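For reference, the chains in residue letters:
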Amino acid sequence: MSDRTSPRVALRSIALLVGAAFKADPRRAALVVGLAPVVGAVAAATAVGLQRMVDAAVAADLPGMIIAALILAGALVVGQFAATVAADLRIRLQQRVGLLLDQRIMEMCSGLPHLDHHEYPPYQDRLELLRANRTWLGSAFGALVENLRALVAFGSTVALLMSVRAEFLLLLLLALPTVFAARRGERAVAGAEEATVAPARLRQALFTTACSPGAAKELRVYGLQEEIAGRHRALWQQVDGPRRRAEARTALWTSAGWVVFGAGFAGALYLVVTAALRGQASAGDVVLTVALAGQLTGSVAGLVQMLTWMQQALRATGYYLWLDDHAKARIRPQRECAPPPAAGADLVLENVSFGYPDAARPVLREVSLRLPAGRTVAIVGENGAGKTTLVKLLCRLYDPTGGRITYGGTDLADYDVRSWRDRVTACFQDFCRLEFPLQESAGIGDLPRIDDEPAVLDALDRAGASALPGLLPHGLRTQLGPTFPGGTDLSGGQWQKIALTRSIMREAPILRVLDEPAASLDPASEYEIFRRFQLAAAESTHGTVTVFVSHRFATVRTADLIVVLDGGTIRESGSHEELMDQDGLYATLYRLHAKGYEETRPSWSDSLDSLDDESLVG
Ligand SMILES: Nc1ncnc2c1ncn2[C@@H]1O[C@H](COP(=O)(O)OP(=O)(O)OP(=O)(O)O)[C@@H](O)[C@H]1O
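Description of the structure in this document. Computed from a prediction, not measured in an experiment: that's the story for all the values here.

### Here we look at unusual backbone geometry
- Of note, the phi angle at Glu366 is positive, near 50°, even though the residue is not glycine.
- By the secondary structure assignment, Glu366 is in strand S2 (residues 364–371).
- Taking the C-beta count within 10 Å as the criterion, Glu366 has 15 such neighbours and is therefore assigned partly exposed.
- A positive phi is found at Ala508, a non-glycine position, where the angle reads about 50°.
- Along the chain, the position of Ala508 falls in the loop between helix H16 (492–505) and strand S7 (511–515).

What follows is the structure in structure tokens.
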């Protein structure tokens, strides 16, 4: 990561900011840009008014004094009015630009069709830097405009000084060390920030853990509060030390710059006063020089501040542009799109291999498998066998790194990714707890029908959660999530059932994935869910392929096809009976599970045995 904003990135950033401001609010943006030079020129106009006033007073020139008074009054009124209006407009515009860019960042993170950017450390590093500097994004356009104002103020002051004596141009050169020192300092601070982004990210993660309701139980049981706080403190020191040192160096360089400028400033005053004493300059010139020299100090300080502000803003915009470029590069060029997939075909994996980005070894190797339309396929295997990875490929959250997956003979990569996802539903083991009203949290599984009450009630019923609305104070309208006013928390199993309901909302999907959808439920409930989905698949005329991932072999024994994954390859596949006859890994593990189950057989297991299809359908 470079600590420099290259001229190309700076230009692109400026174009981005101007474009965003004029897109967010064109009229306000035009006014803000238009008022900046007016505000910038006020100081110089005031100095001119003063000069004319003194010269007219010395010459007892009444009309001259009136004109000077009008200039002074005009500069005061216009200056105050323009500065107040410009500040109000700029603040409001900053908020609008911030909102627009925030939305673009959200789009960049969640709008990418694949998931790999979430696991790419440089992407996460830039995202953290952008998060830490996000406020600069909103104010970046303001920084640009303020720089314009500061430049006009500085330029007009220098031009007037030169009108008194051309040598005063030197003051401009003497201001440069301060400006360069501030620029260099900002770069050093940026470099320190970028060099410590990894511990900063970890510190942020610790903070989130300490404040998250999800971690609250373990933090207390294991007494981790002090440990987490201690690590957070240590990381802060790791992050803060280099940054503070860079800031101290910046202060030193900038002070040295001011010493140089101060010497020049004193020299200029000496020159004009001695010239006036020799009669080579008017009293007005002395007043003008004193006023302008004072303003020059202010405008150099302003310019330094504004340049630092702009550099920080451009740096934040640079992170944004990097993320945007990365996001665009990750959108694979779509080959000529196949027409949207029609239901009723088989999904076929042909020698599919897959490795996560930067991983040393592939997770799936040469997997060939046919998932028949309208059937239920169970994927079983030990932890880390590659089950979830396989279903992620089916959902096109990643594309295979070798081989291909076809549907009805067409490579999935040939379908527009959105048209494929429109026909897929899924309930993942790390499902989302969407803290909306129950109606929306479940209905969002089929966005066009999010408000369709009968559809949501039907889906809740089919997910085995028909009782849930009755248990909540406002039924389907109950706000979920305890942190919201009037919000209700649910048990892990109830949240999971809502995730399951979402996966039922879409009608006639091509593929329904249930990746350990019952991890929070007891085996009887898991079996009930599996049977519900199996019966629904059998009754469906749409040919939906149902893929069920589970650790519990007993749950899935009635699946049409059972696939045993082992170390990223298919070890065995077939029906329960076929696999038991083979007496291989499946049979061994099944017997092991059954033995454990017999030994720990709880009372509710009778209900599991008595589950039949009618009780589920009815
Ligand atoms: N995002 C990722 N980046 C890198 N490696 C990953 C990622 N996700 C999973 N893996 C690795 O891929 C392998 C297979 O993981 P996967 O989640 O597919 O297994 P699984 O069979 O579903 O396991 P479990 O039953 O524990 O859920 C594991 O070794 C895991 O460490």
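### So, the nonpolar core
- If you look at the biggest cluster of nonpolar residues, it comprises 75 residues, and the most contacted ones within it are Ala47, Ala140 and Phe141.
- Sorting elements by how many residues they give to this core places helix H10 (residues 283–330) first, with 18 residues.
- Counting 67 residues, the second-largest nonpolar core is a separate cluster that includes Ile379, Cys427, Val456 and Ile570.

### Some words on the pairing of strand S3 (residues 376–381)
- Within S3, six of the six residues are buried, which leaves it mostly tucked inside the rest of the structure.
- The pairing of S3 with strand S9 (residues 561–566) spans five bridges and is parallel. Note that in S9 the partner of Gly381 across the bridge is Leu565.

### Quick notes on the environment of Ala413
- Mapped onto the secondary structure, Ala413 falls in the loop between strand S5 (410–411) and helix H12 (417–421).
- Overall, Ala413 belongs to the partly exposed group, with 17 C-beta atoms counted inside 10 Å.
- Along the primary structure Ala413 and Cys337 are separated by 76 residues, whereas in three dimensions their C-alpha atoms are 8.7 Å apart.

### A look at the site of the ligand
- Around the ligand lies a shell formed by Glu119, Tyr356, Ala359, Val363, Gly381, Asn383, Gly384, Ala385, Gly386, Lys387, Thr388 and Thr389.
- For the shell around the ligand, the element with the highest residue contribution is helix H11 (residues 387–394), accounting for three residues.

### Brief notes about the sheet that holds S2
- Strand order in the open sheet made by the four strands is S2-S1-S4-S5, with antiparallel pairing throughout. Both outer strands of the open sheet, S2 and S5, are each paired with one neighbouring strand and no more.
- As defined by bridge partners, strand S4 (residues 402–407) adjoins S5 across two bridges and the pair is classed as antiparallel. Its bridge partner being in S5, Thr406 is matched across the sheet by Asp411.
- Sitting on the sheet, H11 touches strand S1 (347–354), S2 and S4, and the angle it makes with S1 is about 120°.

Criteria and cut-off values
Residues numbered from 1 in each chain as written. Predicted model: local features only at pLDDT ≥ 70, side-chain atom pairs only at ≥ 80, totals over all residues. Helix = DSSP H or I, 4+ residues; strand = E, 2+ residues; numbered from the N terminus. Buried ≥ 20, exposed ≤ 12 C-beta atoms within 10 Å, placed from the backbone. Core = buried A, V, L, I, M, F, W, Y, C linked by C-beta atoms within 7 Å. Pairing = 2+ DSSP bridges. Near = placed C-beta within 6 Å. Contact = placed C-beta atoms within 7 Å. Axes fitted to C-alpha atoms, helices over the stretch in contact; angles between N-to-C directions.

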